Amino acid sequence: MVETLRHLALCKILSCIEEIGDLGDTDSGTIVTILNHCNLNQLRTIHEETEYGGRDISREAHLVWKKHYERDFREKAAQRGPVGSQIVDWRELYEEGVRART
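Everything in this summary refers to the structure shown in the same document. Values in this document were obtained by computation on a predicted structure and should not be read as measured data.

Regarding helix H6 (residues 90–101)
End to end, H6 covers 17 Å across 12 residues, agreeing with the expected 16 Å (1.5 Å per residue, within 8%). N-capping of H6 is provided by Asp-89, with a side-chain oxygen placed 3.2 Å from the backbone N of Arg-91.

Pasting the structure below:
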């Protein structure tokens, strides 16, 4: 199998995921791939540092925050029921859930 340069670069990025901060001008598809490999702390760091750098990656991070919310706040997620056409900020819901625990 011939590996593409993009694939090799992505493998290297994922092997150093703890070192990632601002994703800058990275394309959306690569951002989604990186975020899907993040634990909660890595996701939070990358999201915050990329925002600080001037880029909003909320759209790319949306489903990853949802996954963490549903995992860590299973009971609240079940109470919410189906979302339907309602727009939900999963990052904000996650942070609200953390604040409610303290």
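Structural notes on the packing of aromatic side chains
As enumerated under the stated definition, the model contains four aromatic pairs in all. Each ring, one from Tyr-69 and one from Phe-73, has its centre 5.5 Å from the other, and the planes form 35 degrees; the classification is tilted. Judged by relative accessible area, Phe-73 falls into the buried class, the value being 5%. Among the aromatic residues, those joined into a cluster by ring pairs are Trp-65, Tyr-69, Phe-73, Trp-90 and Tyr-94.

Looking at the side chain of His-47
As for its position among the elements, His-47 is in helix H3 (residues 40–52). Of note is the side chain of His-47, whose polar atom sits 2.9 Å from the side chain of Trp-65. His-47 has contacts with Ile-57, Ser-58, Ala-61, Trp-65 and Arg-91, leaving out every residue within four places of it along the chain.

Quick look at the pattern of salt bridges
Within this structure, the stated rule accounts for eight salt bridges. The partner of Arg-59 in a salt bridge is Glu-60, and the shortest N-O contact between them spans 3.8 Å. Look at Arg-59 and you get exposed, because its relative accessible area is 69%. Under the relative-accessibility criterion, Glu-60 is labelled buried at 9%. In this structure, the salt-bridge partner of Glu-92 is Arg-99, at a minimum N-O distance of 2.9 Å. Arg-99 gets classed as partly exposed once you look at its relative accessible area, which sits at 49%. Beyond isolated ion pairs, a larger network of salt bridges with shared partners links Arg-55, Arg-59 and Glu-60.

Cut-offs and rules
Residues numbered from 1 in each chain as written. Predicted model: local features only at pLDDT ≥ 70, side-chain atom pairs only at ≥ 80, totals over all residues. Heavy atoms only, no water. Helix = DSSP H or I, 4+ residues; strand = E, 2+ residues; numbered from the N terminus. Expected span 1.5 Å × (residues − 1). Polar contact = N/O pair within 3.5 Å; in protein donor to acceptor, adjacent residues only side chain to side chain. Phe/Tyr/Trp six-rings, centres within 6.5 Å; stacked < 30°, edge-to-face > 60°. Buried < 20%, exposed > 50% of the residue type's maximum accessible area, 1.4 Å probe, protein only. Contact = heavy atoms within 4.5 Å. Salt bridge = Lys/Arg side-chain N within 4 Å of Asp/Glu carboxyl O.

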